[in-house]
Amino acid sequence: MDKDFQAQINRQFKALTDTRSYQVSVEGQVAEADLISVYFWRIIPEYLLSICPFCGEPHRQQLDLYSLYGWHISGGGQTVAYSPNGHHNCKHFTAVHGFLNLNGRKPQKRALSFGLLRSTEPEVPFVSSCLLPDDLESRVVLHSLPICRIEGETFVPTYTLYLLTYYAQDAPTIIHRRHMQWANGPGLRYMPDFARLPMYWEQVQNQSELWDLEAWWRQGRLFWIDPVTMKLNDLTVMDFPYRAIKGVRHGYIFRGGKFTEQATEWTMERFQAGVAKLRQEQEEAHQRMVNSGDAWRAPRIEAEEYFDTSRKYDDFYDVVAKKANGEVHLIRHYCHFLPGQPPDLLTIKAREEFPLSALTPDSRTNAERIAAALDGGDTLVYGKSYAYYMGVTETSSGKADLTSK
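Residues numbered from 1 in each chain as written. Predicted model: local features only at pLDDT ≥ 70, side-chain atom pairs only at ≥ 80, totals over all residues. Heavy atoms only, no water.

Visitor: Describe the environment of phenylalanine 5, and please don't skip the residues or the numbers.
Guide: Checked against the element boundaries, phenylalanine 5 lands in helix α1 (residues 3–10). Expressed as a C-alpha distance, the spacing of phenylalanine 5 and proline 241, which sit 236 residues apart in the sequence, is 7.0 Å. Once residues within four sequence positions are removed from consideration, phenylalanine 5 is found in contact with Trp224, Pro227, Pro241 and Tyr242. (Helix = DSSP H or I, 4+ residues; strand = E, 2+ residues; numbered from the N terminus. Contact = heavy atoms within 4.5 Å.)

Set out below in structure tokens:
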């Protein structure tokens, strides 16, 4: 890749803290499920991951690009990394596929959580043709972000996160087709999380056309985001900047200073070998529930729920914010989420700002306690925590939910 273009990618990095403060925070908070804790997520910026080529809606989320600590790439398709702010997507969003390229630089052991970095995806990005069918209008958007290496007191952009985000005019149909492909016939009552939407590297190893990003761009099926203007590439642009990306074309594990190949754990072939038994077990379990009159539902997403957006739950979560003048208020995020999914898979519909006077007395007290930990200008403490979504309303840090009157 051209060095000047790589430099443009690297300049997207944002620093809201210094290396010393970050290193203290990341080790204690990177795996923290309780979002009431503020000392890590308030220093993590939000980045643009993609832009919908159909409606222009941006896809954003918080990403820790300060270091590789806590990074593990997987190919599920609905999330790149944990983000307490959720995902700001549109109805055309199908999937996002991330590829972590180390650019020939071995990570420092102390810079990795548990001294380990795992990626089920290759370093070099490829196109998942199953998400770009010829009979349905669909597109994929390519973007890249830098991940830093800490050298002394400086964050140095060193590694590259490539992102391929898929969109379609009829995204639910494409998702449905992909899940039916995994199920090898009639749908299951719920689809396991590992029934991934993007393809996996073993599938595409001998399909050179899927690695040729420029060819997809010239066909008008792939767009890329200009890292300077943050806009989709103009159709008049003649040059494609993502030529000849170097790196391994398989999943990998880096541990003890060495790389080993990482195979895809759940391939479609492995899943289909047991799908008949799984379908039978699901039907038997469902019938037992019907016969017993038990209204309890397993915390899984049934296929029909996934494809029928009218059955998504409407909910909200609150951010406690303190302005520079010391005034405390809340930002309510109205959103959709699916049964059994954690808040990092929320789709934000709208935001609304309102004063503390709108809260119940208990929630107002809790919000003020949270705000006391904030400096002026901070806007990142969550009223509803991950624990809330697990049915818990009390945590060691206090109440987990903020409710209005």
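This is not the end of the story, as more comes after the structure.
Visitor: Account for the pattern of salt bridges, with residues named and values stated.
Guide: Within the structure shown, the criterion is met by nine salt bridges. With a shortest N-O distance of 2.9 Å, arginine 243 and glutamate 214 are connected by a salt bridge. With a gap of 29 residues between them, arginine 243 in the loop between β8 (222–224) and β9 (251–255) and glutamate 214 in helix α6 (residues 213–218) connect regions that are remote in the sequence. For arginine 243, a relative accessible area of 36% gives the class partly exposed. Salt bridges sharing partners connect three or more residues here, namely Glu214, Arg218, Asp239 and Arg243. (Salt bridge = Lys/Arg side-chain N within 4 Å of Asp/Glu carboxyl O. Buried < 20%, exposed > 50% of the residue type's maximum accessible area, 1.4 Å probe, protein only.)

Visitor: Can you explain the packing of aromatic side chains? Please cite residues and give values.
Guide: What the rule picks out here adds up to 16 aromatic pairs. Measuring from centroid to centroid gives 5.4 Å for phenylalanine 99 and phenylalanine 126, while their planes differ by 75°, and the two rings are edge-to-face. Of this pair, phenylalanine 99 sits in strand β4 (residues 93–101) while phenylalanine 126 sits in the loop between β5 (116–119) and β6 (138–151), and the two are 27 residues apart along the sequence. Grouping residues by exposure puts phenylalanine 99 and phenylalanine 126 together as buried. The rings of Phe5, Tyr162, Trp217, Trp224, Phe240 and Tyr242 are connected pair by pair, giving a single aromatic cluster. A cation sits over an aromatic face here: lysine 14 above tyrosine 47, 4.9 Å from the ring centre. Its end group placed over the ring of tryptophan 266, arginine 270 keeps NZ or CZ at 3.9 Å from the ring centre. (Phe/Tyr/Trp six-rings, centres within 6.5 Å; stacked < 30°, edge-to-face > 60°. Lys NZ or Arg CZ within 6 Å of the ring centre and 35° of its normal.)

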